[in-house]
Structures are given as structure tokens and as C-alpha cells.
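Coordinate inspection notes
Take a look at the letters that make up each chain.
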Amino acid sequence: MKTYKKLIKINDVITTTFLERQILESRSRYFGGIIDRHTGIPSPTHVGTGSVIASWVSAYVNPESRYYHDKLLKNRIDYALDYMLTMQHNDGTISPGYTNYHSPPDTGFVVTGFSQIYHLLEEDGSKMLASKLYLFLKRSMPAMLTGGCHTPNHRWVLTSALANLYHIFNDNILVRRAEEWLNEGLDITKDGEWTERSNGIYNAVSDISLYHTAILLNKTELLDHVRNNLKMMVYLVHPNGEVVTEYSGRQDLDKHYGLSPYHLIYRLMAHHDHNPVFQAMADLAIETISEMGPVNNHILLGYLSFPFIQNENIEKAELPKVYEKVINGDYPIKENIKALESVGHENRIEHSSMHTSFGAPIVRYRNEDISATIMTKNPSFFSLRNGKAEILGIKMYTSFSPGLVDFDELEQMKYGYRLTKVLDKGYTGPIPGQYLPKNSENKGIWYLLPHQYRNVTHNQSFEVTIDIVREGNDWTIRVLTDDRADVFVQIEFLFRLNEKLKGEGLKKIGDHSYFWEDNDLTLLSGSDKITIESGEYEHWQENLGISEHHNLRKVKVNMISPINKKFRLFTSR
């Protein structure tokens, strides 16, 4: 009950805060909506007004909240629900405003949370408020029955919405639509990685969505996939409680994200499985909580909707703090990428990504306050934390392709790991005459020519290798290339702007960019330190590719092939 009571207190503070941000001007088209702190405009989304309604109702129906049956709060909930109904389109969808218009999946996020809120208000006897939720949910059904998705996780958002609607309206057509999505198969490796590799955001979305789908549609086999992801996440948490985002395929890439979005699903699965590790992860996730989360994964709403988790009667295990673990080491990513050629979609998908890095192997290492990640199929191939001192990533660029090198292969060696990539670049000959356009008007138009029939000539290759070897808590990174001469190479180290960097060989070339020409480089954050040896400066080029990290400090080492270069990374406190 200790966690539950903590959540009630936090939610009461949140309730007060949002009361001050509700639009109460009756002439405003946003009347009843809650102002978004980023845009200044309300949004009828799961992270916008929908989430606030979840916090307010969780306080209003809860006898332990200081807002229990508060008349002012009841009126404010009423206004917010009117706003949601006003923002709902005739087709039953909502539009977030910042993206995705008339969006079935964004509506699906809201439907899952609103279904839980509807049940709470019915049980509370708040019929008037419940009737407005019922109307919103009923209106949403056509969109849930016909609507599509953009991203992989959207499918499970929709199955969760459909399952929750079925629980209320008991119409089997909702189940059949959910099964159409489920028949595509679950997009997860046996080691527990979802397609989008989004440890900061979308793992938790898929997990909680499939929990609702499994429980409400009696498809408990789906929980196996949720378990696998939750087991994997045990090894994807840094010592300070942040999750590993260094290789995400979504917008959480290299951003700070805590474990709190996983609290509810860990707590539910800890109870379901009587799993002490899941309980320990749930407790870790709650340590730094400051928000309740979106309406579809709202923590206190979850505690009220599933009251059996209010009692903390599951034994807690000790979480590992020392480990070295390979994830997706035997996933057949090469075979799957090869099969991509014959699927028929020509590697095109609208408003989404193919996520071809799905299943790429990574290595996670932790020894108390030291945390490292080795990555394939990712812009960065290595990251290291020593307490508060962080190397966010190390990248490799070449002039051969040109651009970034994302390594395809990970090989476990006796003393470490080897990353490899073979870059190919050739030229193409003329198109054979029988394939040329028959319409003379189209001849010569580059984008109308059938380029797939050109023969490759003078194909060249360039092999690059990274060996990463750990000795205690220190690391050696060896950069190797084949014998091809005069390929420009750049190794880029990424740091946060507030990190202290010292080194005689640093030469500033931009606001946050430096050449590292020679000698050692020291990274300091409080008493935590990482020392790297040593820099190189064999060519003058500032950039060999486009860097998307405008808010990070970049330190660049310039070399010319053939290369056999070692960087030594020493951790100390």
C-alpha cells in the first residue's frame, strides 16, 4: 500500500497544477481543454487533455484523495469531457493537432484509458460524467473497426482499444477486427526486442496494450511476448535508473528517459506471474516518478482499475548490477534482410519506417556504476558511462560511400567483440535497349528510366572493423581497415554540452565541434572521470557525413586509410 499512497499524493499535486491550466473562457473553441505546456494549445490526446482527465477522475473517485467528490473538480472534469466530445470528429476520431489528423491510433490510445475511466465512474455512481465517456466510446467504434495504423506499435494500441470496447459493448465484430491485427503476428524477437527498439517509449506502449488485449479477449498466450520484453529490460537500465536509448529506432534516441512508463506493466505482470524480478523492476521504476503518464498507461488509473496491485505482497528479488549480456545474438537478421527483396513492397511504406535494424545484436555490460553498450545497425557503435561521466556514442564516417558506417556484424571473440562492415560502391552501365521506354517523349528523363536493368561496373569494396576489448573497467577500441589507400575516415565522440572536456589536442571548429589532434582527452563530471588516448589529425575535413546531433558536443578524430588505430578508455573516480 506504500506505493499506492505515494501515487495518490503525487496525483493530488498534479490535479491542482492542471486546474490552473484549463481553458475556462466559454467563447473559446478550446473551452474545457488543458493547455499543453509545449504548444500553448490544448490537445485531445492520450498525453494531453486525456491524461489530465485520468488524473482528475483518479482523484475524484478515490476516498483517500483530498479531491474525493470535490464539486469544483467534478465541474472541471465535466468541462474537459465536453472538450473531448467537441474535438471528436464525425468519423469518431480525434486529431492531435501537432501531427496525425483524423487518427485511428491516436483515438485508440484514448479509448483504452477512457474505457477504464468509464468503469470507475459507473462504480462511483457518477452517471452524468460516465454517460459522456460512454458517448465518446460509442462514437469511436466505427473508427476502431475500420481504421488503420502508421507504426508497428499502433496495431497493438488498436487491439487494446477494440478489446476494451468489447468489454463494454459486447459486440463480437470488435473481437474479429482485433484478430485481423493479431493475425499479422507479433513483431518481437525471442530475446524480447520489439521492432522499433524504443526502450524509452514504445516498448511500454506495446507491453501495456497487449496486456489489455490478452486479459480482455482471453488470449493469455500474448503475455509471453510481454514477459520477454520485460525480462530484456532488466539489462537495459543504466545505474542512475535511466533506460538505454542509444540505439532506439524512434524519437527517444539518445534522450533521457526513466523507467516509470514500465511501472504499471511490471506491477501487473509481477502479480500475474508472482515474479520477484518484475516486482523489483516495478519498485525501481517508481523511485523517480513525477508524472502519472498518458491515459492509456496512467499509473494511478491502473491501480484503481486493477485494485489487486495496491497490496504489495510479491517478494522482491535483487536486480543484477554486474553482467555482460548479448541480446539478439542469434537472430537471423541477415536472412530476413535478404528476404526483404522478394516481399513485393520494394522497401516502401507510407508514413512509417521499415525498421530494418530490428533484431540487430547488441551487447550490454554493467559493473555497478559503469555501463556500456555495443551496437550494430545503429549510428553509434559504442557508448560508455562511468557514474555521471558519459560518452553518449562513438560514430564512424568514411568518404568511401560516403557517410555514416552502421556495422552489420557482431562477432564474439575470446577477449571481446568485433564489429564489421563491408562497404560497396560501383558504377552502372547503359540500360539494354530492350528495356528502354517505347515512348520517345520519356527517353532521357532520368527518373522514368528503368535503372534496375543497368549492369554494375568497376565495383569497389572497403572493409572496416572495430574491435572492442574490455580489461577490467577499461576499454580498448581498435579501428582497422583493409589495405585500400586514401579513404578519409572520421571517428566522432559524442558528449553532452554540460560535460567538462580537457585536452591539449582539442581544436575548436564550431559552436560545439572540435578536432582532437593528439594527446589525451579527459571527461569530467563531478568526481567521475573517463580518460581517452589518443587523438589523430591526418586530414582537414570537418564533416564526412550529416550529423543530426545539434545539441551535443562532437569531438572528431581524422584519419586516412589504411588504418590500425587504438583508442584506450580509462574509467576512474
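Scroll up for the structure.
Here we summarise the structure given alongside this text. Bear in mind that the values here come from a model prediction, so they are computed numbers and not experimental data.

Details of the overall build of the chain
Helix and strand content of the chain: 13 helices and 18 strands. For 573 residues, the compact-globule estimate of 2.2 N^0.38 gives 25 Å, and the chain sits close to it at 27 Å. Projecting the C-alpha coordinates of the chain onto the three principal axes gives extents of approximately 80 × 70 × 50 Å. Scored against the burial criterion, the 573 residues of the chain give a buried share of 54%. Pairs at least 24 apart in sequence give 69% of the contacts found in the chain among residues at least 6 apart. Entry remark: accessible area of the chain is about 25,700 Å², with carbon and sulfur atoms responsible for 48%.

A few points about the pattern of salt bridges
Summed over the entire model, instances satisfying the criterion amount to 28 salt bridges. Of the charged contacts in the structure, one is a salt bridge between Asp-187 and Arg-155, with a shortest N-O distance of 3.3 Å. Taken together, the residues span a long stretch of sequence, with Asp-187 in the loop between helix H7 (172-182) and helix H8 (202-216) and Arg-155 in helix H6 (residues 152-169) at a distance of 32 residues. Across the pair Lys-190 and Asp-330 runs a salt bridge whose closest N-O atoms are separated by 3.0 Å. Residue Lys-190 is located in the loop between H7 and H8, and its partner Asp-330 is located in the loop between strand S1 (322-327) and helix H13 (333-339); the two are separated by 140 residues in the primary sequence.

Concerning the environment of Ser-357
For Ser-357, the location among the structural elements is in the loop between H13 and strand S2 (362-367). Note on Ser-357: relative accessible area 16%, which makes it buried. For Ser-357, the residues in contact, after removing those within four places along its chain, are Arg-197, Ile-333 and Lys-377.

Digging into the packing of aromatic side chains
Tallied over the full model, the rule gives 20 aromatic pairs. Pairing Phe-306 with Phe-308 gives two aromatic rings, centres 6.0 Å apart and planes at 65°, and the pair type is edge-to-face. On the basis of relative accessible area, Phe-306 is assigned to the buried category, the value being 15%. Note on Phe-308: relative accessible area 34%, which makes it partly exposed. Taken together, a centroid distance of 3.7 Å and an interplanar angle of 5° make the contact between Tyr-435 and Tyr-453 stacked.

Examining H6
With 18 residues, H6 should reach 26 Å at 1.5 Å per residue; the first-to-last C-alpha distance of 27 Å fits that figure. In terms of residue burial, H6 counts as a mostly covered element, since 16 of its 18 residues are buried. One or two residues past the end of H6 sits Asn-170, with phi positive at roughly 55°.

Concerning the sheet that holds strand S9 (residues 456-471)
The sheet built from eight strands is open, its strands ordered S7-S8-S9-S10-S18-S16-S15-S12 with antiparallel pairing. The two strands at the open ends of the sheet, each matched to only one other strand, are strand S7 (409-412) and strand S12 (500-502). Averaged over neighbouring strand pairs, the angle between their axes works out to 20° when direction is ignored. Examined bridge by bridge, strand S15 (residues 520-525) and strand S16 (residues 528-533) share six bridges and lie antiparallel to one another. Residue pairing across strands places Leu-523 opposite Ile-530, the latter belonging to S16.

Description of helix H1 (residues 2-19)
The terminal C-alpha atoms of H1, which comprises 18 residues, lie 26 Å apart, in line with the 26 Å expected from a rise of 1.5 Å per residue. Turning to H1, its buried residues number three or more, namely Thr-3, Tyr-4, Leu-7, Ile-8, Ile-10, Asn-11, Asp-12, Ile-14, Thr-15, Phe-18 and Leu-19. On its buried face, H1 is in contact with helix H2 (49-60), helix H3 (71-87), helix H10 (263-273), helix H11 (276-286) and helix H12 (299-305).

Focus on the environment of Asn-311
Within the secondary structure layout, Asn-311 lies in the loop between H12 and S1. Asn-311 sits 40 residues away from His-271 along the chain, and the two C-alpha atoms are 9.8 Å apart. With residues up to four places along the chain from it excluded, the contact list for Asn-311 reads Met-1 and Arg-267.

A few points about the side chain of Ser-55
Note that Ser-55 resides in helix H2. Residue contacts for Ser-55: discarding those within four places in its chain leaves Asn-11, Ile-14, Thr-15, Met-292 and His-298.

Things to note about the nonpolar core
Counting 103 residues, the largest nonpolar core has Trp-56, Phe-114, Ile-117, Tyr-262 and Tyr-266 as its most contacted members. The contact partners of Trp-56, leaving out residues within four places of it in the chain, are Thr-15, Phe-18, Leu-19, Gln-22, Ile-34, Leu-73, Arg-76, Ile-77 and Ala-80. Judged by nonpolar contacts, the second largest core, of 44 residues, contains Leu-423, Val-464, Ile-491 and Met-559.

Observations concerning unusual backbone geometry
Both trends apply: most residues other than glycine have a negative phi, and most peptide bonds are in trans. Of the consecutive residues Ser-401 and Pro-402, the connecting peptide bond is found in the cis state with omega at -10°. For the bond running from Ser-561 to Pro-562, omega is 0°, close enough to zero to count as cis. Its location among the elements puts Pro-562 in the loop between strand S17 (552-560) and strand S18 (564-572). At Arg-197, a residue that is not glycine, the phi angle is positive and equals roughly 50°. By the element assignment, Arg-197 lies in the loop between H7 and H8.

Points about empty space enclosed by the protein
With a probe scaled to a water molecule rolled over the atoms, the places where space remains empty come into view. The full count for this structure, using the stated rule, is one cavity of 30 Å³ or more. What lines the largest cavity is simply His-238, Glu-242, Val-243, Thr-245, Glu-246, Asp-254, Lys-255, His-256, Arg-385, Leu-392 and Arg-496.

Thresholds applied
Residues numbered from 1 in each chain as written. Predicted model: local features only at pLDDT ≥ 70, side-chain atom pairs only at ≥ 80, totals over all residues. Heavy atoms only, no water. Helix = DSSP H or I, 4+ residues; strand = E, 2+ residues; numbered from the N terminus. Rg over C-alpha atoms; globule rule 2.2 N^0.38 Å. Buried < 20%, exposed > 50% of the residue type's maximum accessible area, 1.4 Å probe, protein only. Contact = heavy atoms within 4.5 Å. Areas by Shrake-Rupley, 256 points an atom, 1.4 Å probe, with all protein chains shown as cover. Salt bridge = Lys/Arg side-chain N within 4 Å of Asp/Glu carboxyl O. Phe/Tyr/Trp six-rings, centres within 6.5 Å; stacked < 30°, edge-to-face > 60°. Expected span 1.5 Å × (residues − 1). Pairing = 2+ DSSP bridges. Axes fitted to C-alpha atoms, helices over the stretch in contact; angles between N-to-C directions. Core = buried A, V, L, I, M, F, W, Y, C linked by side-chain atoms within 4.5 Å. 1 Å grid on protein atoms, 1.4 Å probe; cavity = no way out; pocket = protein on both sides within 12 Å on 5 of 7 lines; lining within 4 Å. Points joined across faces, edges and corners; volume = space filled by probe spheres on them.

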